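Residue strings, one per chain:
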Amino acid sequence: MRDTELYRQLLGLEPPWEVGRVELSTDEGRVDVFAEHPRGTRWACPECGLLLPTYDHAEVRAWRHLDSCGFSTHLHARPPRVECPEHGVRQVTLPWAEPMSRFTILFERLAIDVLNACNVTRAAALLRTSWDETWHLMERAVVRGQAAKPEIMPAHIGVDEKSAGRGQDYITVVSDVDRGTVEYLADERRQASLDGYFDQFSTEQLARIEAVAMDMWEPFANSVRTHLADADNKIVFDKFHIMKHMVEAVDTVRKSENRALMKDGDKVLSGTRYLWLYSAEHLPERHQERFDVLRSGDHKTSRAWAIKENLRFFWDYRRKGWAEKHWKSWYFWATHSRLTPVIEAARTFKRHLPGLLAYFDHRITSAGAEGLNARIQEIRVSARGYRNREHFKTAIYFHLGGLDLYPQTH
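Residues numbered from 1 in each chain as written. Predicted model: local features only at pLDDT ≥ 70, side-chain atom pairs only at ≥ 80, totals over all residues. Heavy atoms only, no water.

Colleague: Any chance you could explain the overall build of the chain here in plain terms?
Modeller: Looking only at helices and strands, the chain features 17 helices and 14 strands. Taking 22 Å as the expected radius of gyration for a compact globule of 410 residues, we find that the chain reaches 30 Å, considerably beyond that expectation. Per-residue burial over the chain gives 46% buried out of 410 residues. When the accessible surface of the chain is totalled, it reaches about 22,100 Å², and 50% of it is carbon and sulfur. Charged side chains of the chain number 57 positive and 58 negative; the gap between the two group centres comes to 6 Å. (Helix = DSSP H or I, 4+ residues; strand = E, 2+ residues; numbered from the N terminus. Rg over C-alpha atoms; globule rule 2.2 N^0.38 Å. Buried < 20%, exposed > 50% of the residue type's maximum accessible area, 1.4 Å probe, protein only. Areas by Shrake-Rupley, 256 points an atom, 1.4 Å probe, with all protein chains shown as cover. Lys, Arg positive; Asp, Glu negative; His and termini not counted. Charge placed at Lys NZ, Arg CZ, Asp CG, Glu CD.)

What follows is the structure in structure tokens.
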């Protein structure tokens, strides 16, 4: 088989395209393939499909293709242009590459698979491309995926924030609770951050949202109230964030009590911070004996922990009425505990009680969003951080956006 026919098959070229010549450079470890077409070929206008004669050709361009026999392979051609009566002069559609790309479709598909498996730096090494070229492949994939994404309004959305850098540097993350995908990212965690998501949709589309799981961050709640009808019945302050507040209250009690005990030389609470963070059933067995002794002692921290554990049963009820009865009993206990951090947490929850009880109407939580947050952190760590926030957001969409990233093969 002639080398031109071999590379026509490898490149998947179909008439009128054919391989004119192949050049091999063993010193450089590359193969250059030159594609041509017969004179008199008629081409379809990329806008309307009208068959037209060749108007002229653009300058010779090169596209990186899949390696062949260990050699980097590059396809060269002069893209034809046509003059359409309606659309003017246009470059014809090339069967091996998307417009404005320097890579063939098959190479882009391989690059997406590699990028899904490792970070940009490692992918660049495996693909033998520069970091910038590899990043551009990821960026193109996200733009392509977002353009092809069907306009389906999630019934249940989750709203959370994720640290994007040091200090109070956050991005707002909107997710589809049912599909477990990231739908929208915005800078900071202000009302305007979430407004940007809702502003994309019409009133009819927004009416399809049945519930929004979030923490008790008031700017997010205000955004939901601004954009959704009957918003207060759709806002669900989820279990994860409520329990997070309670865990923080328990830890505040522990720190205060430990300082007081240490003044008298009592180190019983020293080094116990993480023990009090566990729920009863998840406490590691190796700590069980020590924790049983601590819990049975007359410590403020043990009382705070017991109150925290009792709150967990709130979400186990099947009926809202029974859950509300449990809440009233728990609230009385918490506010009469004489533990200031616990009392403050309980009063905060009471101010947001409709959002807690809304769980029993929708039964959604942001557990999926928290799982996404963990994976977002993995993306950030694997790249050793992102100096450019837009790059960070692009990587999140690439890995967690549920997008169809691949270019279509012809």
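Colleague: For this particular structure, what's the right way to read the sheet that holds strand β8 (residues 80-84)?
Modeller: Strand pairing in a sheet is mediated by backbone hydrogen bonds. Such pairs are either parallel or antiparallel. Read across the open sheet, the three strands follow the order β5-β8-β9; overall the sheet is antiparallel. Two strands in the sheet have a free side with no partner beyond their single neighbour: β5 (56-57) and β9 (88-91). With two bridges joining them, β5 and β8 adopt antiparallel strand pairing. Considered in β8, the bridge of His 57 is made with Pro 80. (Pairing = 2+ DSSP bridges.)

Colleague: Teacher, can you tell me more about the packing of aromatic side chains here?
Modeller: What describes a pair of aromatic rings is the distance from one ring centre to the other and the angle between the planes of the rings. Tallied over the entire structure, the rule returns 16 aromatic pairs. Between Phe 314 and Phe 360, the ring centres sit 5.3 Å apart and the planes meet at 85 degrees, which makes this aromatic pair edge-to-face. Remark: Phe 360 occurs in helix α15 (residues 359-362) and Phe 314 occurs in the loop between α11 (300-311) and α12 (320-335); sequence separation between them is 46 residues. For Phe 314, a relative accessible area of 0% translates into the label buried. Three or more aromatic residues joined by ring pairs make a cluster, and in this case those are Trp 17, Trp 43, Trp 63 and Trp 96. Residue placement shows Arg 21 over the ring face of Phe 34; its charged tip is 3.8 Å from the ring centre. The side chain of Arg 189 reaches across the aromatic face of Tyr 170, ending 4.5 Å from its centre. (Phe/Tyr/Trp six-rings, centres within 6.5 Å; stacked < 30°, edge-to-face > 60°. Lys NZ or Arg CZ within 6 Å of the ring centre and 35° of its normal.)

Colleague: How do you make sense of the nonpolar core when you look at a structure like this?
Modeller: Where a protein is soluble and globular, its nonpolar side chains tend to be buried together. In terms of nonpolar packing, the biggest core is built from 90 residues, with Phe 198, Met 214, Val 224, Leu 311, Phe 314, Trp 330 and Phe 349 touching the most fellow members. Here this core gets seven residues from one element, more than from any other, and that element is helix α8 (residues 239-263). Look past the residues within four positions of Trp 330 in its chain and what remains in contact with it is Met 246, Ile 307, Asn 310, Leu 311, Ala 346 and Phe 349. Counting residues in hydrophobic clusters, the runner-up holds 21 residues, among them Val 31, Leu 52, Cys 84 and Val 92. (Core = buried A, V, L, I, M, F, W, Y, C linked by side-chain atoms within 4.5 Å. Contact = heavy atoms within 4.5 Å.)

Colleague: Whenever I open this one, the packing of helix α2 (residues 105-117) against helix α4 (residues 131-148) confuses me. Can you help?
Modeller: For any two helices packed against each other, the geometry is given by the interaxial angle and the distance between the axes. As a packed pair, α2 and α4 sit with axes 10 Å apart at the nearest point and diverge in direction by 100 degrees. As far as their axial angle goes, α4 and α2 are roughly perpendicular. Note on element contacts: α4 touches α2 through Thr 134, Leu 137, Met 138, Arg 140, Ala 141 and Arg 144, opposite Phe 107, Glu 108, Ala 111, Ile 112 and Leu 115. Residues belonging to the contact of α2 with α4 are distributed by class as follows: seven nonpolar, one polar and three charged. (Axes fitted to C-alpha atoms, helices over the stretch in contact; angles between N-to-C directions. Parallel < 35°, antiparallel > 145°, perpendicular 65-115°, else oblique. Nonpolar A, V, L, I, M, F, W, Y, C, P; charged D, E, K, R; others polar.)

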